[in-house]
Amino acid sequence: QVQLVESGGGLVQPGGSLRLSCAASGSIFSIDNMGWYRQAPGKQREVVATITSGGNTNYGDPVKGRFTISRDNAKTTVYLQMNSLKPEDTAVYYCNAEVVLTSRARPPPYWGQGSLVTVSS
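Residues numbered from 1 in each chain as written. Predicted model: local features only at pLDDT ≥ 70, side-chain atom pairs only at ≥ 80, totals over all residues. Heavy atoms only, no water.

Caption draft 1: Representation of the sheet that holds strand S1 (residues 2-7). The strand order S1-S3-S8-S7 describes an open sheet built from four strands, whose pairing is antiparallel. Looking along the sheet, the strands with just one partner apiece sit at the ends: S1 and strand S7 (67-71). Here the average twist between neighbouring strands, direction ignored, is 15°. Judged from the six bridges that link them, strand S3 (residues 18-26) and strand S8 (residues 77-82) form a sheet pairing that is antiparallel. Bridge pairing in S8 places Ser21 opposite Tyr79. (Pairing = 2+ DSSP bridges. Helix = DSSP H or I, 4+ residues; strand = E, 2+ residues; numbered from the N terminus. Axes fitted to C-alpha atoms, helices over the stretch in contact; angles between N-to-C directions.)

Below, the structure is given as structure tokens:
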């Protein structure tokens, strides 16, 4: 019913920048909160940043001041601008969306397929 498709991951040197995108499509009436999470090898998944439908944002402590989350005007695509990247930012990044379907049902949040970000020289 709903798909989240991510793009933009890759290899970057320390201090560099990357931008992740996540586009939602399908039987969508509206989307409430959207967010980015990451999971590094051997670690639990952690929140990177979230954004409400009204544009309010929250960030995990490790990325504050370096990452910026945003949404497009249609509010179905979420972006993560990552600057001043560090080796410890290396992880698989997942987008997440709380969707209200056209049937007005509210299923559990949907997840993207994951994008590998590797920060290394």
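Alright, that's what it looks like, and here's the rest.
Caption draft 2: Structural context of the state of the cysteines. Enumeration over the complete set of coordinates arrives at one disulfide. With a sulfur-sulfur separation of 2.0 Å, Cys22 is cross-linked through a disulfide to Cys95. Taking the sign of the torsion about the S-S bond as the criterion, the disulfide between Cys22 and Cys95, at about 55°, is right-handed. Separated by 73 residues along the polypeptide, Cys22 in strand S3 and Cys95 in strand S9 (residues 91-101) bring together distant segments of the chain. (Disulfide = S-S within 2.5 Å.)

Caption draft 3: Summary view of the side chain of Thr77. With respect to the helices and strands, the residue Thr77 is situated in strand S8. Taking relative accessible area as the criterion, Thr77 reaches 12% and is therefore assigned buried. Beyond its immediate chain neighbours, meaning those up to four positions away, Thr77 contacts Cys22, Ala23, Ser70, Arg71 and Asp72. (Buried < 20%, exposed > 50% of the residue type's maximum accessible area, 1.4 Å probe, protein only. Contact = heavy atoms within 4.5 Å.)

Caption draft 4: Inspection of the side chain of Arg71 at higher detail. On the secondary structure map, Arg71 appears in strand S7. Of note is the side chain of Arg71, whose polar atom sits 2.6 Å from the backbone oxygen of Asp32. Within the structure, Arg71 has its side chain in polar contact with the backbone oxygen of Lys75 (distance 2.9 Å). Sequence-distant contacts of Arg71, defined by excluding residues within four places in its chain, comprise Ile31, Asp32, Asn33, Met34, Ile51, Thr52, Ser53, Thr77, Val78 and Tyr79. (Polar contact = N/O pair within 3.5 Å; in protein donor to acceptor, adjacent residues only side chain to side chain.)

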